[in-house]
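Each chain, written out:
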Amino acid sequence: MKRVADMTRGRPSGLLIRFAAPLLAGSLCQLLYTAADGAVVGQLLGVHAFAAVGASGFLSWLVTDMILGLTQGFGILFGQLFGKKQWPLLRQAVTAAVVIGLAAGGGMTVLGLAATGPVLRMMHTPESILPLAAGYLQVLFCGVSVTVFNRLAFTLLLSLGNSRTPVTGNIVSCVLNIVLDILLVGVLDRGVQGAAAATVLSQLVCLMYCLIRLRDIPGLRPVDLHLSPALVGYLLRLGGPLAFRNGVISLGGLFVQSAINGQGTLFVAGMAAVEKYFGLINLPGDALEGAFANFSAQNCGAGRMDRLRDGLRCSVLLALAGWGIMAAGLLVWRRELLGLLVSGSPGDMEQLLSVGGEYLTILVVCIPLMNLLCLYRSGLEGMGSVLAPACSGFIELGLRIVTVLFLPRLLGRRAIYLANPLGWLGALLLLAVSYHRVYRRKSGADI
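This section reports on the structure supplied with the text. (Residues numbered from 1 in each chain as written. Predicted model: local features only at pLDDT ≥ 70, side-chain atom pairs only at ≥ 80, totals over all residues. Heavy atoms only, no water.)

### Concerning the overall build of the protein
In terms of regular secondary structure, the protein is built from 18 helices and zero strands. Its C-alpha atoms give the protein a radius of gyration of 21 Å, near enough to 22 Å, the size a compact globule of 447 residues would have. Taken along the three principal axes of its C-alpha coordinates, the protein extends 60 × 45 × 35 Å. In the protein, which comprises 447 residues, the proportion classed as buried is 58%. In the protein, the proportion of contacts linking residues at least 24 apart, taken out of those at least 6 apart, comes to 85%. Per element, the accessible surface of the protein, about 17,700 Å² overall, is 68% carbon and sulfur. Averaging the coordinates of the 33 positive side-chain charges in the protein and doing the same for the 20 negative ones gives two points 10 Å apart. (Helix = DSSP H or I, 4+ residues; strand = E, 2+ residues; numbered from the N terminus. Rg over C-alpha atoms; globule rule 2.2 N^0.38 Å. Buried < 20%, exposed > 50% of the residue type's maximum accessible area, 1.4 Å probe, protein only. Contact = heavy atoms within 4.5 Å. Areas by Shrake-Rupley, 256 points an atom, 1.4 Å probe, with all protein chains shown as cover. Lys, Arg positive; Asp, Glu negative; His and termini not counted. Charge placed at Lys NZ, Arg CZ, Asp CG, Glu CD.)

Here it is as structure tokens:
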């Protein structure tokens with residue numbers, strides 16, 4: 001049982017830090033890979049290829065985020081069953097999740113391949129980069145099932161309190177991805193499709209590593225092949241709303257990307273460069289979101305609601321402290337960091353860096369809104385409450401659409417920079433109120 005960790009006992013601050021530290025290291029590695037991946041495409045293939053990958057980003061994130069939401073919902077049940085130490089039922093839940101994953105992966109592949117061209121055109125993707133963006137997405141969609149099971153293995157390990165194994169797999173995957181990028185793009189000249197293939201292959205290696213480690217956990221053996229329709233239905237009731245919420249949030253991203261695409265290739269490239277560093281901006285908050293989600297699920301399952309108050313307070317303070325450190329570095333070296341990703345003529349680069357510098361500054365200032373949003377959302381999900389997290393996606397979507405449709409008349413292109421922060425603010429207000437209400441109802445105590 002060394003590969004699991006019980007978060008229902010011990011100081012919340014120490015548990016959260018120990019759980020979040022590997023996630024932080026893994027996220028940093030993921031960020032370095034993302035930047036290196038972007039640099040390989042931008043430096044070797046040029047501005048148009050870099051813009052094509054950026055223009056396709058929100059559509060690939062739509063699918064990835066829905067997978068993430070689905071598996072997050074599964075993680076609620078996994079964590080609660082582990083908190084109760086109900087191993088036989090947990091094994092049945094894993095079998096049910098695998099069956100759902102098979103269906104979801106196949107369906108998303110077929111739908112993604114069919115929708116790629118029409119959706120890119122609907123998003124006003126510039127014709128000069130549309131074929132490149134379509135080719136990149138088609139390869140990614142062929143590997144959707146790998147992404148589904150990779151996230152499912154991650155979620156199961158995290159629900160058992162094991163953040164080291166998935167992070168180690170992620171680090172290996174990131175290193176391999178960079179090597180494959182250089183080989184497929186730089187040596188074999190496979191273009192943006194080579195970069196997409198590198199991503200799928202590296203995720204497959206990560207999945208195999210996590211499966212080997214899961215096999216070493218005694219409580220998960222023997223595998224229970226009995227399929228419980230009741231568990232399938234319950235998992236869908238938990239994961240379905242969260243997948244739908246993430247899909248709705250990503251749809252807001254598609255509206256924003258459509259507005260970005262309408263500003264021309266260099267504007268697209270500048271915004272895409274900033275997105276490569278988004279993980280660095282949100283690095284501490286992202287790690288603590290994962291830690292608090294599992295802390296909440298395990299303690300709720302064990303009936304230890306009193307521990308959630310201290311856990312939330314510690315998570316917020318740690319996230320804000322980490323943001324302050326990241327913000328200082330990014331604001332000082334923002335132009336230099338953006339310039340590492342892409343090459344072009346002096347005029348093109350000046351326009352790209354101007355757009356990217358403005359957008360990066362706004363994101364850095366507003367990221368605490370997202371940190372708080374994610375912590376409240378993960379806490380609610382850990383307590384088994386998915387309604388408010390699902391509804392928060394509609395608030396984000398609505399505010400993003402309103403921002404890109406109406407604010408440009410007042411603020412010009414800079415209104416596009418505000419679409420995400422305003423969406424975060426609206427969702428945060430709903431989630432904060434909902435979290436405190438659910439906590440009081442479940443614990444009978446006041447926060």
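### Concerning the pattern of salt bridges
As enumerated under the stated definition, the model contains seven salt bridges in all. Two residues, Arg313 and Asp310, come together in a salt bridge whose shortest N-O distance is 3.0 Å. In this pair, Arg313 and Asp310 both sit in helix H12 (residues 306-332), three residues apart, roughly one turn of the helix. For Arg400, the salt bridge identified is with Glu396, shortest N-O distance 3.6 Å. Taken together, the residues span about one helical turn, with Arg400 and Glu396 both in helix H15 (residues 387-406) at a distance of four residues. Considered together, Arg400 and Glu396 belong to a single accessibility category, that of buried residues. (Salt bridge = Lys/Arg side-chain N within 4 Å of Asp/Glu carboxyl O.)

### Things to note about helix H3 (residues 87-122)
Along H3, the sharpest change in direction is near 50° and occurs at Thr116; proline Pro118 comes one to four residues later. Downstream of H3 by one or two residues, His124 has phi in the positive range, about 60°. (Bend = angle between axes of the 7 residues up to and from the residue.)

### Considering unusual backbone geometry
Glycine aside, residues mostly have negative phi, and peptide bonds are mostly found in the trans state. Of note in this structure, Lys85 is not a glycine but carries a positive phi near 60°. Mapping Lys85 onto the fold places it in the loop between helix H2 (47-84) and H3. For Asp189, which is not a glycine, the phi torsion comes out positive at approximately 55°. Position of Asp189 relative to the elements: it lies in the loop between helix H6 (164-187) and helix H7 (191-215).

### Digging into a nonpolar patch on the surface
Together, Ile182, Leu183, Val187 and Leu188 make up a nonpolar patch on the protein surface, roughly 360 Å² of accessible area in all. Inspection of the secondary structure puts Leu183 in helix H6. You can call Leu183 partly exposed: its relative accessible area is 38%. (Patch = residues over 30% accessible without salt bridge, like charges linked within 9 Å, V, L, I, M, F, W, Y side chains within 5 Å.)

### Structural notes on the side chain of Ser296
When you line up the elements, Ser296 lands in helix H11 (residues 283-301). In this structure Ser296 comes out as buried when scored by relative accessible area, which is 0%. The contacts of Ser296, once residues within four sequence positions are left out, are Leu308, Ser378, Gly379, Gly382 and Met383.

### Let's talk about the layout of surface pockets
A volume near 410 Å³ is recorded for the largest pocket. Taken together, 18 residues make up the lining of the largest pocket; nearest its centre are Val94, Val98, Leu156, Leu214 and Val223. Classifying every residue of the lining of the largest pocket by side-chain character gives 13 nonpolar, one polar and four charged. (1 Å grid on protein atoms, 1.4 Å probe; cavity = no way out; pocket = protein on both sides within 12 Å on 5 of 7 lines; lining within 4 Å. Points joined across faces, edges and corners; volume = space filled by probe spheres on them. Nonpolar A, V, L, I, M, F, W, Y, C, P; charged D, E, K, R; others polar.)

### Brief notes about the side chain of Arg400
Taking the relative accessible area as the measure of exposure, Arg400 reaches 6% and is therefore buried. Of the polar contacts made by the side chain of Arg400, one reaches the side chain of Asn420; its length is 2.9 Å. (Polar contact = N/O pair within 3.5 Å; in protein donor to acceptor, adjacent residues only side chain to side chain.)

### What about the packing of aromatic side chains?
Given two aromatic rings, their pairing is described by the distance between the two centres and the angle made by the two planes. This structure, assessed with the given rule, holds seven aromatic pairs. Consider the rings of Phe292 and Phe295, whose centres lie 6.3 Å apart with planes at 20°: the pair is stacked. In this pair, Phe292 and Phe295 both sit in helix H11, three residues apart, roughly one turn of the helix. For the pair Phe292 and Phe295, a shared accessibility class is recorded, and that class is buried. (Phe/Tyr/Trp six-rings, centres within 6.5 Å; stacked < 30°, edge-to-face > 60°.)

### Some details on the environment of Gly303
You can see Gly303 is positioned in the loop between H11 and H12. Along the primary structure Gly303 and Lys442 are separated by 139 residues, whereas in three dimensions their C-alpha atoms are 9.1 Å apart.

### What to know about the state of the cysteines
Throughout this description, disulfide means a covalent bond between two cysteine sulfur atoms. Scanning the entire structure with this criterion turns up zero disulfides. Free cysteine: Cys206, not disulfide-bonded; nearest cysteine sulfur from Cys210 at 4.3 Å. Looking at Cys374, it has no disulfide partner, and the nearest cysteine sulfur is the one in Cys366, 14 Å off. (Disulfide = S-S within 2.5 Å.)

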